[in-house]
Amino acid sequence: MTVACQSPTSPTPDFGSSNFLQRPVDQNFLDIPFKTRFHLRQYDNSNIAAVVSDTQRYFVDNWPWKSAKECQSYLNADLEWATFLGYPDVLPEYIRQFTLYLVWAFPIDDAMDSWSAQDLKIFVKGCYRMLKEYDCQVGEVEEERESQSIYLTMMCDIFDRMTATDISDPDAPTPARDLCRGTCQWVVTTASIAGRKGAMQSPSLEAYLDFRVQDTGMCISKDMIVWGCGLPIKQHLREESNLKLLDHLTSRHVSLANDIFSYRRETEVAKQTNSGEVSKAIANAVVFIIQERALDEKDAIQFLWHYLSDLETEMLKVEETIKATYSSGDLIEVEGHIESMKALCAGNIAWSTRCRRYNTPFSNQ
């Protein structure tokens, strides 16, 4: 059952202004401060408030909310700021489509965790149909479009808005289509991963994070930068080993930070849905380290802060290697991606520290 939710007439006061970064941080479980070495930047444009309002209205009107409380929880979650801080270089003409896409990723990820096997099968089948469409096998797709769930209908609508930004020339690059294709592949791959409990039995933190990079969709972060930020990258550079390593380190950084900041929320969810059997119910790096190293909560978080710092050290070393390797146009191209990846890491930390999604006590919907 879905319910209507009153669409806001204007954004919440914190939204759409620089006040978000002045919001006090109140996280008693993060009493070990972490300071990223990457420069924090913010998308700087006067239409931020309008983008927030438009995005909220879209999801209020179209998402199948189970209750008014669930809808209000979305409105209070600060999801839109994940775009403004994590992707400060997003093109102004793409900001609305990009924000819709990024915000969509949060509720769809939450929803997939609660679906039945049949619901998940329907959604994954729809993603396979979309993959065929992107490969120009349109005839087979159109036959089944009307049978899609509301989740697939919204996904198609958001993706159609994104792909409309691609140049119609068949010989031109298609960064939006590439991102949509990669997103469908992410959903299909995530649905086939052999469970989160298996990830918690990984032989090392690195192996666990490899799972989380796929599970969180960070594997397509480069495609997000290529399309949303207008930073095309030549094929020979995409395959360059050091740039791929930097992309991988960035994905680990963001996935690990998200685990740390979402830890309290996830444990509260687990307590209310699985009788408190937290370690069996969630895949989270804090829980993983508590188990693997027999640490208490505070020491586990401190260990992961140090690990996050080590990732930044390694990223800076790889950056130096890349800049020493290239010159001229190639150097300009890779520098744009490097700066966007570092901004993603810094922006994710800033957003996660202050967003209500991670900093409001969870209550069962």
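This text follows the structure it describes.
Residues numbered from 1 in each chain as written. Predicted model: local features only at pLDDT ≥ 70, side-chain atom pairs only at ≥ 80, totals over all residues. Heavy atoms only, no water.

## Looking at the overall build of the chain
Helix and strand counts for the chain come out as 18 helices and 0 strands. Sorting the 365 residues of the chain into buried and exposed places 51% on the buried side. If you take every contact in the chain between residues at least 6 apart in sequence, the share linking residues at least 24 apart comes to 78%. (Helix = DSSP H or I, 4+ residues; strand = E, 2+ residues; numbered from the N terminus. Buried < 20%, exposed > 50% of the residue type's maximum accessible area, 1.4 Å probe, protein only. Contact = heavy atoms within 4.5 Å.)

## Focus on helix 2 (residues 68–75)
Among all positions of helix 2, only C71, Y74 and L75 are buried. For helix 2, the angular spread of the buried residues around the axis is 100°, confining them to a single face. Of the surrounding elements, those touching the buried residues of helix 2 are helix 1 (48–62) and helix 4 (95–114). (Arc of directions from axis to C-beta.)

## A look at the packing of aromatic side chains
Across all of its chains, the model carries 21 aromatic pairs by this definition. Ring geometry for F98 versus W227: centroids 5.8 Å apart, planes at 20°, classification stacked. Here F98, found in helix 4, pairs with W227, found in helix 11 (residues 221–228); they are 129 residues apart in sequence, far enough to count as distant. The rings of Y58, F59, W63, W65, Y74, W115, F123 and Y151 are connected pair by pair, giving a single aromatic cluster. (Phe/Tyr/Trp six-rings, centres within 6.5 Å; stacked < 30°, edge-to-face > 60°.)

## Here's the deal with the packing of helix 11 against helix 17 (residues 328–354)
Axes are the key here: two packed helices are described by the angle between their axes and the distance separating the axes. Where helix 11 meets helix 17, the closest approach of the two axes is 11 Å, and the angle between their N-to-C directions is 115°. Every pair of crossing elements has a handedness; the one defined by helix 11 and helix 17 is right-handed. Of the residues in helix 17, those in contact with S221, K222, I225 and V226 of helix 11 are H337, S340, M341 and L344. Of the residues that constitute the contact of helix 11 with helix 17, the class distribution is 4 nonpolar, 3 polar and 1 charged. (Axes fitted to C-alpha atoms, helices over the stretch in contact; angles between N-to-C directions. Left-handed = near helix turned anticlockwise from the far one by under 90°. Nonpolar A, V, L, I, M, F, W, Y, C, P; charged D, E, K, R; others polar.)

## Description of the packing of helix 8 (residues 175–192) against helix 11
Viewed as axis vectors pointing N to C, helix 8 and helix 11 meet at an angle of 155°, and their least axial separation amounts to 8 Å. For the element pair helix 8 / helix 11, the angle class is roughly antiparallel. In terms of crossing hand, the pair formed by helix 8 and helix 11 is left-handed. On helix 11, the residues touching P175, A176, D178 and L179 of helix 8 are D223, M224, V226 and W227. Classifying every residue of the contact of helix 8 with helix 11 by side-chain character gives 6 nonpolar, no polar and 2 charged. (Parallel < 35°, antiparallel > 145°, perpendicular 65-115°, else oblique.)

## A closer look at the environment of T313
Residue placement: T313 occurs in helix 16 (residues 297–325). Taking relative accessible area as the criterion, T313 reaches 27% and is therefore assigned partly exposed. Counting along the chain gives 276 residues from T313 to R37, while the straight-line C-alpha distance between them is 8.8 Å.

## What to know about the side chain of D215
The topology assignment puts D215 in helix 10 (residues 205–215). At 2.6 Å, the side chain of D215 forms a polar contact with the side chain of R212. (Polar contact = N/O pair within 3.5 Å; in protein donor to acceptor, adjacent residues only side chain to side chain.)

## Some remarks on helix 10
All of the buried residues along helix 10 are L205, Y208, L209, F211, R212, V213 and D215. Immediately downstream of helix 10, the backbone of G217 shows phi near 85°, a positive value.

## Considering the state of the cysteines
Throughout the structure, instances matching the rule amount to 0 disulfides. Among the cysteines around C180, which has no disulfide bond, C184 carries the closest sulfur, lying 7.0 Å off. Take C184: it sits in no disulfide, and the sulfur closest to it among the cysteines is that of C127, at 4.8 Å. (Disulfide = S-S within 2.5 Å.)

## Some details on the pattern of salt bridges
Per the stated rule, a full pass over the model turns up 20 salt bridges. D157 is the salt-bridge partner of R161, the closest N and O atoms lying 3.1 Å from each other. Here the residue R161 and the residue D157 both occupy positions in helix 7 (residues 150–163), the gap between them amounting to 4 residues, near one helical turn. You can call R161 partly exposed: its relative accessible area is 38%. In this structure, R181 engages D178 in a salt bridge whose closest nitrogen and oxygen atoms are separated by 2.9 Å. Of this pair, R181 and D178 both sit in helix 8, 3 residues apart, which is roughly one turn of that helix. Since its relative accessible area comes to 25%, R181 is described here as partly exposed. Residue D178 is classed as partly exposed on the basis of its relative accessible area, which comes to 32%. (Salt bridge = Lys/Arg side-chain N within 4 Å of Asp/Glu carboxyl O.)

This is a description of form; function is not addressed.
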